[in-house]
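Summary of the model geometry
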Amino acid sequence: MSINTDNYLSIKEELKKENVTLIAVSKMQEISSIQALYDKGQRDFGENYVNELVAKHEPLPPEIRWHFIGHLQTNKVKYIIPFVHLIHSVDSVKLLNEINKQAIKCDRVIDCLLQVHIADENTKFGLNEKALEELLDASKSLMNIRLRGLMGMGTNTEDESKIREEFKTLKHLYSRLSKERPECNTFRILSMGMSSDYKTAIEEGSTMVRIGSLLFGARNYNK
Ligand SMILES: *Cc1c(COP(=O)(O)O)cnc(C)c1O
């Protein structure tokens, strides 16, 4: 078990002032660490892999709100739809259609964020503006989807001004769509910022940050 309680409490204080929601990113972390953070009061947790999320969801308290933040494959959607709280990483019409289809089967309406590509690395997933507009058009007929906003990841760089520009771009897009497109009048969430850049993200208008290593320590990828 490993959590950094001091970091957790100080980040929580910081975010409360700004009215920003904290997602504790628990990928590759042990059940006992998640439980320990839950016992400190944390309720929103984020996972990247379907198999891992399904396995962890089972033994942990049902009060946890599970956020799916990783790349989601269409054939795995059905495993998380019965219980997922918010999907941050919708990046294609095909995926959105499948989420809608599985949501109908479970008689749920699923809250979704559209993942926008803002970094200048082609390793990160996400929509460009044109694909985003097409997806918004396609979403109009999907009654079991509720679009809640946008998610983005900044470039992995030490250059803070570059990350800041990327977050500004995403915030502008978010504001424009919220104003101009009726499908976006349910937008309330701008998910941007991780351990290394969450302060910048909040300054640029983030309403939800996804923080892992500052809360749990470094992830052990060899486990
Ligand atoms: C892993 C991950 C995070 C958290 O990263 P940290 O640097 O540990 O805070 C946030 N968002 C996404 C999409 C991730 O995959």
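Notes on the structure in this doc start here. As the structure is a computational prediction, the values presented were derived from the model and not from experiment. (Residues numbered from 1 in each chain as written. Predicted model: local features only at pLDDT ≥ 70, side-chain atom pairs only at ≥ 80, totals over all residues. Heavy atoms only, no water.)

Looking now at the packing of aromatic side chains. Each aromatic ring pair is specified by the distance between its two centres and by the angle formed by the two planes. Per the counting criterion, the structure on display carries two aromatic pairs. Centre to centre, the rings of Phe45 and Trp66 are 6.0 Å apart; their planes meet at 45°, and the pair counts as tilted. Of this pair, Phe45 sits in strand E2 (residues 44–47) while Trp66 sits in strand E3 (residues 65–68), placing them 21 residues apart in sequence. Residue class for Phe45 comes out buried when judged on its relative accessible area of 0%. (Phe/Tyr/Trp six-rings, centres within 6.5 Å; stacked < 30°, edge-to-face > 60°. Helix = DSSP H or I, 4+ residues; strand = E, 2+ residues; numbered from the N terminus. Buried < 20%, exposed > 50% of the residue type's maximum accessible area, 1.4 Å probe, protein only.)

In this section: the state of the cysteines. In total, this model carries zero disulfides according to the counting rule given. Of all cysteine sulfurs, the one in Cys184 lies closest to Cys112, which takes part in no disulfide; the gap is 13 Å. Accessibility expressed as a relative area gives 0% for Cys112, which makes it buried. (Disulfide = S-S within 2.5 Å.)

Next up on the list: the nonpolar core. Counting residues in hydrophobic clusters, the biggest one holds 58 residues, and the most contacted among them are Ile87, Ile99 and Leu150. No other element matches the six residues that helix H7 (residues 160–180) contributes to this core. Excluding its chain neighbours within four sequence positions, the residues that come into contact with Ile87 are Phe68, Leu72, Ile80, Ile81, Ile99, Ile110, Asp111, Cys112 and Leu113. Leu113, Met151, Ile189 and Met208 belong to the second-largest nonpolar core, a separate cluster that totals six residues. (Core = buried A, V, L, I, M, F, W, Y, C linked by side-chain atoms within 4.5 Å. Contact = heavy atoms within 4.5 Å.)

This part covers the packing of helix H6 (residues 129–139) against H7. At their nearest, the axes of H6 and H7 sit 13 Å apart, and the two run at 30° to each other. With respect to each other, H6 and H7 are oriented roughly parallel. In the packing of H6 onto H7, the handedness of the crossing is right-handed. From H6, Glu129, Leu132, Glu133 and Leu136 reach across to H7, where they touch Leu173, Arg176 and Leu177. For the contact of H6 with H7, the class distribution of residues is four nonpolar, no polar and three charged. (Axes fitted to C-alpha atoms, helices over the stretch in contact; angles between N-to-C directions. Parallel < 35°, antiparallel > 145°, perpendicular 65-115°, else oblique. Left-handed = near helix turned anticlockwise from the far one by under 90°. Nonpolar A, V, L, I, M, F, W, Y, C, P; charged D, E, K, R; others polar.)

As a further point, take the pairing of strand E5 (residues 110–116). Judged by how many residues are buried, E5 sits mostly within the fold: seven of seven residues are covered. On E5, burial covers both faces: Ile110, Cys112, Leu114 and Val116 on one face and Asp111, Leu113 and Gln115 on the other are all buried. The pairing of strand E4 (residues 86–90) with E5 spans two bridges and is parallel. Residue Val90 lies in a different strand from E5, and its bridge partner there is Leu114. In this region the chain leaves E4, passes through helix H5 (residues 93–106) and returns to the parallel neighbour E5; the handedness of that crossover is right-handed. Pairing of E5 with strand E6 (residues 145–152) involves seven bridges; the strand directions are parallel. Its bridge partner being in E6, Leu113 is matched across the sheet by Gly149. (Pairing = 2+ DSSP bridges. Right-handed = clockwise from strand over helix to strand, strands pointing away.)

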